[in-house]
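Coordinate inspection notes
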Amino acid sequence: MKYGRPDMEFLKWRWKPKGSCEVPIFKPYEFLDMMRNKSLAFVGDSVGRNQMQSLICLLSQVEHPMDLSPTPDFNFKRWKYAAYNFTLATYWSPFLVRMEEADSDGPRHDGVFNIYLDEVDKKWTSQINEFNYIILNSGHWFSRLSVYYEKKQLVGCWRCGLNNITQFPNHYGYKRIFRTALKAINNLENFKGTTFVRTFAPSHFEGGEWNTGGNCLRKKPFKSNEKTLEGLDLEFYNSQVEEFRKAEKEGKKKFRLMDVTQAMLLRPDGHPSRYGHWPNENVVLYNDCVHWCLPGPIDTWNDFLLHMLKMEQDIL
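Residues numbered from 1 in each chain as written. Predicted model: local features only at pLDDT ≥ 70, side-chain atom pairs only at ≥ 80, totals over all residues. Heavy atoms only, no water.

Some remarks on the pairing of strand β10 (residues 194-198)
Definition in use: Only protein chains enter the calculation, and the probe is 1.4 Å; a residue is then buried if its accessible area is under 20% of its type maximum, exposed if over 50%, and partly exposed in between. Helix numbers and strand numbers start at the N terminus; a helix is a DSSP run of H or I with at least 4 residues, a strand a run of E with at least 2. Pairs of strands are assigned from DSSP output, requiring at least two bridges between the strands.
With five of five residues buried, β10 lies mostly within the body of the structure. On β10, burial covers both faces: Thr194, Phe196 and Arg198 on one face and Thr195 and Val197 on the other are all buried. Sheet topology places strand β7 (residues 133-136) next to β10; four bridges connect them, and they run parallel. Looking at the pairing, Ile135 lines up with Phe196 of β10.

Shown next as structure tokens:
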């Protein structure tokens, strides 16, 4: 079971909205029946892929899909649920826009990235016209050292340490990449689907950052009065929502907000920690407090997804 941990029981906790509303548990037969003859793609980083893996695990109660991937690259996968003619795909694009890895310190991509904030990544925009639904996400890669370009000119950077270059906060780039990505979708002539913008899921490192020994060892959720959305998490969330509202207002395409931020802020207990990697004595493995265990808290996102799809099809 990928991303599992031996020290916790993740299924005992469920998210419930305030008031009398109740979000039903994901029903795989119902989901696949709704998605008959349709298609869905995840676009973004590995946390989006984490949700996709959760979805595949949940759907395995009904059917195991055929792998129809056009490439062996794990970052660009495509599956088909033959009994329902449902296509599921993933497109790797951690910044959503064009980027170049200018300098790398190894396979974990710890170097400097050149980010072209106003140039969309064509690896996904050229492929999504066929899909009925897109789930768009980005976030944690913005903690990496980045140099920002706009109109093909260097405009500044985040933590790059270069002289005579404007130092921006990293939510500067985050806001602009969502503006670019959503504008690109609005301008796709042949895309007729619905885009779900999945909001930022906070990490829960304590005692250090991801590369300075931070870890996540808690065994139960925070109470609602124990944790407040603040700092960079709040900046990222507000940036996403603001750009989503602008794209929605433009009105060319259908956009929906899948808001998971507050629900996930309260789940420091659901990360893999040191159990999220295969043991390998030849590399340095960091504790994983970004992704989510399966089964675990991230399964709630697919509860949300099913409910939102019902709303799209007016069958609540």
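Details of the state of the cysteines
For clarity, the cut-off: Any pair of cysteine sulfurs within 2.5 Å is marked as a disulfide.
Applying the stated criterion to the full structure yields two disulfides. Each sulfur of the disulfide joining Cys157 and Cys160 lies 1.9 Å from the other. Looking down the S-S bond of the Cys157 and Cys160 bridge, the torsion is -60°, so its handedness is left-handed. Accessibility classification places Cys157 together with Cys160 in one group, the buried group. Each disulfide pairs two cysteine sulfurs, and for Cys216 the partner residue is Cys289, the sulfurs being separated by 2.1 Å. Disulfide Cys216 to Cys289: torsion about the S-S bond roughly -95°, handedness left-handed.

Some details on the side chain of Asp269
Stated formally: Polar contacts here mean pairs of N or O atoms no more than 3.5 Å apart (in protein, one a potential hydrogen donor and the other a potential acceptor; neighbouring residues in sequence count only if both atoms are side-chain atoms).
With respect to the element layout, Asp269 can be found in the loop between α6 (261-265) and α7 (299-313). Within polar-contact distance, the side chain of Asp269 engages the side chain of Arg267 at 2.8 Å.

Points about the packing of aromatic side chains
Put simply, the test is: Only the six-membered ring of Trp is used, alongside the rings of Phe and Tyr, when aromatic pairs are assigned; centres must lie within 6.5 Å, and planes under 30 degrees apart are stacked while those over 60 apart are edge-to-face, with the rest tilted. Cation placement over rings: the criterion is NZ of Lys or CZ of Arg within 6 Å of the ring centroid and within 35° of the ring normal.
All told, the structure shown has 22 aromatic pairs when counted by the stated rule. Ring plane angle 40° and centroid distance 5.3 Å describe the contact between Phe26 and Phe31, whose orientation is recorded as tilted. Using a relative accessible area of 7% as the deciding quantity, one classes Phe26 as buried. Ring-pair connections join several aromatic residues into one group, and the members of that group are Trp92, Phe95, Phe113, Trp141, Phe142, Tyr174, Phe178, Phe200 and Phe236. A cation over a ring is seen here: Arg98 above Tyr116, with NZ or CZ 3.7 Å from the ring centre. Directly above the aromatic system of Trp141 lies the positively charged group of Arg144, at a separation of 4.1 Å from the ring centroid.

Quick word on the nonpolar core
Our working definition: Only buried residues count toward a nonpolar core, which is a set of Ala, Val, Leu, Ile, Met, Phe, Trp, Tyr and Cys residues joined through side-chain atoms within 4.5 Å.
Within the largest apolar cluster, 44 residues are counted, with the highest numbers of intra-cluster contacts made by Trp124, Ile128 and Leu136. Those elements that provide at least two residues to this core are β1 (39-44), β4 (86-92), β6 (112-120), β7, α4 (170-186), α5 (231-250) and β11 (254-258). Within the second largest apolar cluster, 40 residues are counted, among which are Phe31, Leu88, Ala201 and Met308.

A word on the sheet that holds strand β2 (residues 66-67)
Stated precisely, the cut-off is as follows: Any pair of residues with heavy atoms lying within 4.5 Å of one another is described as a contacting pair. Comment: axis = line fitted to C-alpha atoms, over the contacting stretch for helices; angle = value between 0 and 180 degrees taken between N-to-C directions.
Pairing is mixed in the open sheet, where seven strands are placed in the order β2-β3-β4-β1-β7-β10-β11. Of all strands in the sheet, those with a lone pairing partner are β2 and β11, marking the two edges. Sheet topology places strand β3 (residues 76-81) next to β4; six bridges connect them, and they run antiparallel. Across the sheet, residue Arg78 finds its bridge partner in β4, namely Ala89. Each of β7, β10 and β11 is contacted by α4, which is oriented at about 170° to β7, the strand it contacts most. Across the sheet, α7 touches β1, β7, β10 and β11, and the angle it forms with β11 is around 145°.

Focus: the packing of α4 against α5
Packed helices, taken two at a time, are described by the angle between their axes plus the distance between the axes. Here is the rule we go by: In these notes the angle categories are as follows: under 35 degrees is roughly parallel, over 145 is roughly antiparallel, 65 to 115 is roughly perpendicular, and the rest is oblique. In this scheme the crossing of two helices becomes right-handed for a clockwise turn of the near helix relative to the far one and left-handed for an anticlockwise turn of less than a right angle. Asp, Glu, Lys and Arg are counted as charged, while Ala, Val, Leu, Ile, Met, Phe, Trp, Tyr, Cys and Pro are counted as nonpolar; the rest, among them Gly, fall into the polar class.
Where α4 meets α5, the closest approach of the two axes is 9 Å, and the angle between their N-to-C directions is 25°. One element, α4, and the other, α5, form an angle in the roughly parallel class. Between α4 and α5 the crossing geometry is right-handed. Between α4 and α5, the residues in contact are Asn170, His171, Tyr174, Lys175, Phe178, Arg179, Leu182 and Asn186 and Leu232, Glu235, Phe236, Ser239, Gln240, Glu242, Glu243, Phe244, Lys246, Ala247 and Glu250, respectively. Across the contact of α4 with α5, the residue classes break down as seven nonpolar, five polar and seven charged.

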